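Spelled out, the chains give:
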Amino acid sequence: MVSRVIPVEPFDLVLFGATGDLARRKILPGLFHRYEVGQVPQDARIIGSARSEMTPDEFKADVRAAIEEFTPETSDRAEVLGRFLGCLDYVSVDAMSDAGWSALKGQLRPDVVRAYYLSVAPSLFAGIAGQLEKHGMAMPDARIVVEKPFGRNLETARELNASLRKFFREHQIYRIDHYLGKETVQNLMALRFANSLFEPLWNATHIDHVQITVAESLGIEGREAYYDHSGAMRDMVQNHLVQLLCLTAMEPPSKFTPNAVRDEKVKVIEALDPVAPSDIARGQYRADEGEDGYLDHVGDPQSRTESFIAMKVRIANWRWAGVPFYLRTGKRLRARVSEIMVQFRDPPHTIFPNVEPVQGNKLIIRLQPDEGITLRTTIKDPGPGGFRLAEVPLDMSFAEALGADSRPQDAYERLVMDVIRGDQTLFMRGDEVEAAWAWADPIIEGWERTRDKPFPYDQGSSGPEEALMLMHRDGRRWRQIGG
Ligand code: BG6
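These figures come from a predicted structure and were not determined experimentally.

**Student:** Which residues make up the UniProt feature "active site" (unreviewed entry) in the chain, and what are the values?
**Tutor:** Residues given the UniProt feature "active site" (unreviewed entry) here are H240. Tracing the sequence through the fold places H240 in helix α8 (residues 224-249). Non-local contacts of H240, meaning those with residues more than four positions away in its chain, are made with K148, D177, H178, Y179 and D235. A distance of 3.5 Å separates a polar atom in the side chain of H240 from a polar atom in the side chain of N239.

**Student:** Describe the sheet that holds strand β11 (residues 337-344), naming the residues involved and giving the relevant values.
**Tutor:** Read from one edge to the other, the open sheet built from 9 strands follows the order β14-β13-β12-β11-β7-β10-β9-β8-β15, with strand pairing classed as mixed. Each having just a single partner strand, β14 (389-397) and β15 (455-457) make up the two edges of the open sheet. Strand-to-strand twist across the sheet, computed as the mean angle between neighbouring axes with direction ignored, equals 20°. Here strand β9 (residues 308-313) pairs with strand β10 (residues 325-330) via 6 bridges, running antiparallel. By the bridge assignment, I309 is partnered in β10 with T329. Across the sheet, helix α7 (residues 183-193) lies against β11, β12 (362-368) and β13 (372-380), angled at about 150° from β12, the strand it touches most. Of the strands in this sheet, β7 (207-215), β9, β10, β11 and β12 are in contact with α8, which crosses β10 at around 140°.

**Student:** An account of helix α12 (residues 411-421) is requested, with residue identities and associated values reported.
**Tutor:** Within α12, 10 of the 11 residues are buried, leaving the element largely enclosed by the surrounding structure. Where α12 is concerned, the buried positions are A411, Y412, E413, R414, L415, V416, M417, D418, V419 and I420. On the buried face of α12, the contacting elements are β1 (11-16), α1 (21-36), β4 (113-118), β5 (143-146), β6 (173-175) and α7. For α12, the N-terminal capping position is held by D410, with its side-chain oxygen 3.0 Å away from the main-chain nitrogen of Y412. Directly after α12, the chain includes G422, whose backbone phi takes a positive value near 75°.

**Student:** Could you give an account of the pattern of salt bridges, naming the residues involved and the relevant values?
**Tutor:** For the structure shown, the criterion picks out 40 salt bridges. Residue E221 is joined to R332 by a salt bridge in which the shortest nitrogen-to-oxygen separation is 2.5 Å. Taken together, the residues E221 in the loop between β7 and α8 and R332 in the loop between β10 and β11 connect sequence positions 111 residues apart. When its relative accessible area of 41% is taken as the criterion, E221 is described as partly exposed. Taking the shortest distance from any N to any O, the salt bridge between E306 and R282 comes out at 2.8 Å. Of this pair, E306 sits in the loop between α10 (294-298) and β9 while R282 sits in strand β8 (residues 280-285), placing them 24 residues apart in sequence. Of the two residues, E306 and R282, neither departs from the other in class, the shared state being buried. What you see here is one network of salt bridges that share partners, running through R192, E199, E251 and R319.

**Student:** I'd like to hear about the environment of N317, residue by residue, with values.
**Tutor:** Secondary-structure assignment places N317 in the loop between β9 and β10. For N317, a relative accessible area of 24% puts it in the partly exposed group. Between the C-alpha atom of N317 and that of A271, which follows or precedes it by 46 residues, the distance is 6.4 Å.

Here is what the cut-offs are and how they apply
- Residues numbered from 1 in each chain as written.
- Predicted model: local features only at pLDDT ≥ 70, side-chain atom pairs only at ≥ 80, totals over all residues.
- Heavy atoms only, no water.
- UniProt positions renumbered as here; feature names shortened; annotations may be inferred.
- Helix = DSSP H or I, 4+ residues; strand = E, 2+ residues; numbered from the N terminus.
- Contact = heavy atoms within 4.5 Å.
- Polar contact = N/O pair within 3.5 Å; in protein donor to acceptor, adjacent residues only side chain to side chain.
- Pairing = 2+ DSSP bridges.
- Axes fitted to C-alpha atoms, helices over the stretch in contact; angles between N-to-C directions.
- Buried < 20%, exposed > 50% of the residue type's maximum accessible area, 1.4 Å probe, protein only.
- Salt bridge = Lys/Arg side-chain N within 4 Å of Asp/Glu carboxyl O.

Printed below as a string of structure tokens:
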């Protein structure tokens, strides 16, 4: 595969929260990778900004340490890193006062792309947006990037949208859902809309059900307070899993443009039926011998926050009537696996009597690890011994098929470059986020009203028994996590 790197235009990127965890782990290493491959031009500038007083040299030393820790060592990394650090600067600002803002303005160049990346708590969005406006930096062509959580319900999401829209127009606002930056997630669109093979089958006539799993083996280490206030529904389902559901279920957009794609996603979210409590299994990982459980981790024996959720979701439209979408995500599960499994219907009639029944085909789209696509098909079991059927995979691992150079870009690398290119296709529009909260809110409110308690599950398992029952009840089975 030939890699085609098209440099982006020169830019000034102001990174608020530049000393925070996300900036150090993802954003700055991502920018460094894009610099390494020649996509970030030599005259690009990245201006770190945070409340801490720090000299530009101290900031550069911190970025050097982050990049050495979070990017793979290569023979010329030290040399490239030296040049990359030359693009960096640092200005201390305070979102709550005027301190530092004029100095920041003095750093910015006219006539280059200008982006403000708010890698900070959402409570600071309004303050920073206001200061940018007040100091004449909210130009009509500037871009503003915000991270999740985008609200914790419909009301707070509306407030955040309103506070950003006071100073920036929708086409300037880039709301990140990093799942949309994952290579295979975009491949889902290519698979569906650049092939003629699947689309005729992509409906209730041929598909029995869909499973979307985002399982993690890690717990909530280091984020206890945030997580206990959110839970899996707010942290993962309302955003990442809903996005995966949208891309799987949406109608083909007429063009691959930001609004055409996002219009179709909003229609899917708006078509989601309310979810009955009996179609949900919430879980919380319990303590094991020698291993603390969720309640120990958050230090609250009464916590009713879920670290796992499985649910059956229905999309009330012509294409998907009667096809359940089962969503599942959780912490401390048996493996780290994100995948979408489309289960096709069984053949309507079997011509092979006395043979074990043939299962419908499955299409498995693996997001991580080992990005790829597998189509499980039925064949004749080779050899003598009577006519038997067997299920085999038609397997495509991107790494194998596309070669070693196909290291997928980290989601953040792509998304930051899209901001500079001015392409909003992989970012959530304000109405999309609000629609997802409008669907999630009644579910969460229901738990709060009834003081619903999650079911305990073993660490390293597939979640609570109740999640298995959710499927068994319908005569179906979850795909094994990591199997
Ligand atoms: C984040 C969630 O948005 O996504 C985390 O807040 C979660 O709880 C993470 O661990 C998962 O992302 P990835 O890319 O590792 O699958």
